[in-house]
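An overview of the molecular structure
Given next are the chains, with one letter for each unit.
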Amino acid sequence: MCFQDFGSENGRDAVKLQIPIEQDLIDRLFPFWTSIFGEGGDLDPDLFLGSETDACDTTLYLKEEEGCPVATCLTVRSKTAPGLAGFAEVATDPAVRGRGLASALCRQAVDDFVTEGGVAFFLGTGNPVAARIYHRLGWRKLAGANVMANIVDGRSPEAFLVDHFREKGAVTVSAAGPDVRIPMIPLIWTPHDTQVLDANVGLFSRRYVMQPSCMGLYPRYVRTLSGQGAWFAARTEDARTVGISTARRRGDDSCQVDGFVHGSYEEAWADTLAPAIEWGRSAGRSVVARVSAEDEDKRSKFESLGFEAEREEAGGFNIDGREVTAVKLSLTA
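**Observations concerning the sheet that holds strand E9 (residues 171-175)**
Spatial ordering of the open sheet is given by E9-E12-E13-E14-E15-E17-E16, a layout of seven strands whose pairing is mixed. Of all strands in the sheet, those bounded by a partner on one side alone are E9 and strand E16 (307-319). Strand-to-strand, the axes of this sheet are offset by a mean angle of 25°, without reference to chain direction. Contacts between helix H8 (residues 269-282) and the sheet are confined to E9, strand E12 (229-236), strand E13 (241-249), strand E14 (254-261), strand E15 (286-292), E16 and strand E17 (322-331), with E14 contributing the most and set at about 165° to the helix.

If you want it as structure tokens, here you go:
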């Protein structure tokens, strides 16, 4: 655990700590975060012990008083795509609010990100008061999401998303892991035409559904598929994640597959789905898919891989409060 004292504007002895950190500090942090956010945070304790150091540079900004955390924020920066980072665990003890402690920590985190060559900094918030603070520090809201992006060169988040995927490149597909925790964010927050991005994890395009999460995206995949399936990522040589596929066991001895790619990489869709399909087959299960009846292009893509429509399921998906029929397809080839 390495650290640096930097001193906040409104409180001294704030520190910057590089993950991994010691267990005794973790034991103080998690009860503090639970008291602020409730159970089920976006980051697991193992990350703070160093489980993802090969994939991410994670930095904790911390202010303690009398041995207890009173303000925190956290930067998780991709090692494979170092221009991208996520922002999390911004918290202040209610007893010390109004002193600007978290704001000072956040300002330091932004300054460090800029100094270290950062390009795009993402966070999720449903708190309008916090959003105003983030706005003052350079973050801007994405339409259709409780997600904000701080684009260092002043571009809008929407312009960044377009530019990020503009340059084409060769794609390889392999098992997903912590290295996609941050690079998957631009892919998912692109406004896809497909309504249902992935039925296995309940992921919808922000073009149709307000999505509340940013740093919760990776844990969503891990927790949903842990012990029940697998997931795979399509990546370019410069570490952009341009597609994701999943395979998940169902109670009827079938394996449901799904996935999506960025619109600029439609030709990689079949290759992105291939390992998910093979995972289901290797488990000795029939392979199925469920798509929105209104996602006709996606249905056609599955049919081009040898899937055939089996039946329609009324109320298959709830898309922004509207019940949409699902079409179940089975792989016959």
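**With respect to helix H5 (residues 157-164)**
Those residues of H5 lying buried are Pro157, Phe160, Leu161 and His164. Buried residues in H5, looked at end-on, bunch into an arc of 100°, giving them a common side. Each element contacted by the buried residues of H5 is listed here: strand E5 (84-92), strand E6 (120-124), strand E7 (140-141), strand E8 (147-151) and helix H6 (184-189).

**Points about the environment of His262**
Tracing the backbone shows His262 in the loop between E14 and H8. A relative accessible area of 9% means that His262 is categorised as buried. Expressed as a C-alpha distance, the spacing of His262 and His192, which sit 70 residues apart in the sequence, is 7.5 Å. When near neighbours in sequence (up to four residues on either side) are disregarded, His262 contacts Phe165, Leu187, Thr190, His192 and Val242. One polar contact links the side chain of His262 to the main-chain amide nitrogen of Ser264, over a distance of 3.0 Å.

**Regarding the nonpolar core**
In terms of nonpolar packing, the biggest core is built from 58 residues, with Ile21, Phe48, Leu60, Met184, Ile188, Tyr221 and Trp231 touching the most fellow members. Not counting residues within four places of it along the chain, the set of residues in contact with Ile188 comprises Leu197, Leu203, Leu217, Tyr221, Ile244 and Phe260. Grouped together as the second largest cluster of nonpolar side chains are 21 residues, Ala71, Ala85, Ala109 and Trp139 included.

**With respect to the pairing of E5**
Of all the nine residues making up E5, eight are buried; the element is thus mostly covered by neighbouring parts of the structure. Pairing of strand E4 (residues 68-78) with E5, which is carried by six bridges, proceeds in the antiparallel orientation. Note on E5: the bridge partner recorded for Thr72 is Ala91. Between the end of E4 and the start of E5, which pair antiparallel, lie five residues. By the bridge criterion, three bridges tie E5 to E6 in an arrangement that is parallel.

What counts and what doesn't
Residues numbered from 1 in each chain as written. Predicted model: local features only at pLDDT ≥ 70, side-chain atom pairs only at ≥ 80, totals over all residues. Heavy atoms only, no water. Pairing = 2+ DSSP bridges. Helix = DSSP H or I, 4+ residues; strand = E, 2+ residues; numbered from the N terminus. Axes fitted to C-alpha atoms, helices over the stretch in contact; angles between N-to-C directions. Contact = heavy atoms within 4.5 Å. Buried < 20%, exposed > 50% of the residue type's maximum accessible area, 1.4 Å probe, protein only. Arc of directions from axis to C-beta. Polar contact = N/O pair within 3.5 Å; in protein donor to acceptor, adjacent residues only side chain to side chain. Core = buried A, V, L, I, M, F, W, Y, C linked by side-chain atoms within 4.5 Å.

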